[in-house]
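So the chains spell out like this:
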Amino acid sequence: MGTDCLFCRVVAGEIPATVVRETASTLAFRDIDPKAPVHVLVITKEHYADVATLAQDDPALAGELLATAAAVAEDEGLLGDGFRLMFNTGVYGGQEVFHVHAHLLGGAPLGPMLARNLA
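So, here's what we can say about the structure.

1. Things to note about the overall build of the chain
Thought 1: A tally of helices and strands in the chain yields 3 helices and 5 strands.
Thought 2: In sequence order, the secondary structure elements of the chain are arranged as α-β-β-β-α-α-β-β.
Thought 3: In terms of overall dimensions, the chain is globule-like: its C-alpha atoms have a radius of gyration of 14 Å, near the 14 Å expected for 119 residues.
Thought 4: Dimensions of the chain along its principal axes, counting C-alpha atoms only, are 35 × 35 × 25 Å.
Thought 5: The 119 residues of the chain split such that 34% are buried.
Thought 6: Counting only contacts in the chain whose residues sit at least 6 apart along the sequence, the fraction spanning at least 24 positions is 51%.
Thought 7: Side chains of the chain give 7 positive and 15 negative charges; the mean places of these two sets differ by 7 Å.

2. Considering a nonpolar patch on the surface
Thought 1: A cluster of nonpolar side chains, Leu66, Leu79, Phe83 and Leu85, forms an exposed patch at the surface whose accessible area comes to about 340 Å².
Thought 2: You can see Leu79 is positioned in the loop between α3 (59-75) and β4 (83-86).

3. What to know about the sheet that holds strand β3 (residues 38-44)
Thought 1: The strand order across the open sheet built from 5 strands is β1-β2-β3-β5-β4, with neighbouring strands paired in antiparallel fashion. Either end of the sheet is taken by a strand with one partner, and the two such strands are β1 (19-22) and β4. The average undirected angle you get between the axes of adjacent strands in this sheet is 20 degrees.
Thought 2: Alignment of strand β2 (residues 26-30) against β3, held across 5 bridges, turns out to be antiparallel.

Each value, and the rule that gives it
- Counting restarts for each chain: residues are numbered from 1 in the order of the written sequence.
- With the structure being a predicted model, the display of local features is reserved for residues of pLDDT at least 70 and the display and counting of side-chain atom pairs for 80 or more, all residues being used for whole-chain, interface and lining totals.
- Note: side-chain values were computed over all heavy atoms of the structure, leaving out hydrogens and water.
- Runs of E in the DSSP output that reach at least two residues are strands. Runs of H or I that reach at least four are helices, and both are numbered from the N terminus.
- The atom set for the radius of gyration is the C-alpha atoms, and the globule formula is 2.2 Å times the number of residues raised to the power 0.38.
- Three labels apply to residues, based on accessible area from a 1.4 Å probe with only protein chains included: buried if under 20% of the type maximum, exposed if over 50%, partly exposed otherwise in between.
- Here, two residues are considered to be in contact whenever any of their heavy atoms come within 4.5 Å of each other.
- Only four residue types enter the charge count: Lys and Arg as positive, Asp and Glu as negative, with His and the chain ends excluded.
- Where a charge lies is defined by one atom per residue type, namely NZ (Lys), CZ (Arg), CG (Asp) and CD (Glu).
- Exposure above 30% relative accessible area and the absence of a salt bridge qualify a residue for a patch, where like charges join within 9 Å and nonpolar side chains (Val, Leu, Ile, Met, Phe, Trp, Tyr) within 5 Å.
- Only the protein chains shown count as covering a residue, and every accessible area follows the Shrake-Rupley method with a 1.4 Å probe.
- A carboxyl oxygen of Asp or Glu within 4 Å of a side-chain nitrogen of Lys or Arg is what we treat as a salt bridge.
- Strand pairing is assigned whenever DSSP detects at least two bridges linking the two strands.
- To define axes, lines are fitted to C-alpha atoms, for helices over the stretch in contact only, and angles between the resulting N-to-C directions are given on a 0 to 180 degree scale.

Shown next as structure tokens:
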């Protein structure tokens, strides 16, 4: 992917991030605008636009992404009370960075899944 992808630039070390876990194929780092006490982004190092594309093109890597998310949840002490793992996909799904990433959220009650004001 070109240098216009924010997360590709994080993987390349061009943009600093607070890394909490790294594997050969995944990277997990703290969100710079956290929405919960624990808010970690878990990404693949290889560029895929979204989770649907990743799942279709490389199911094994999709599994590695989930395994990394689970390991981070354990490291962050979230297994007891629970956590939310969320993929935003496409414009209607609220995706802002078009590089597959999971939001791992926890550390407090998270509330409803969707805003109540949907048309």
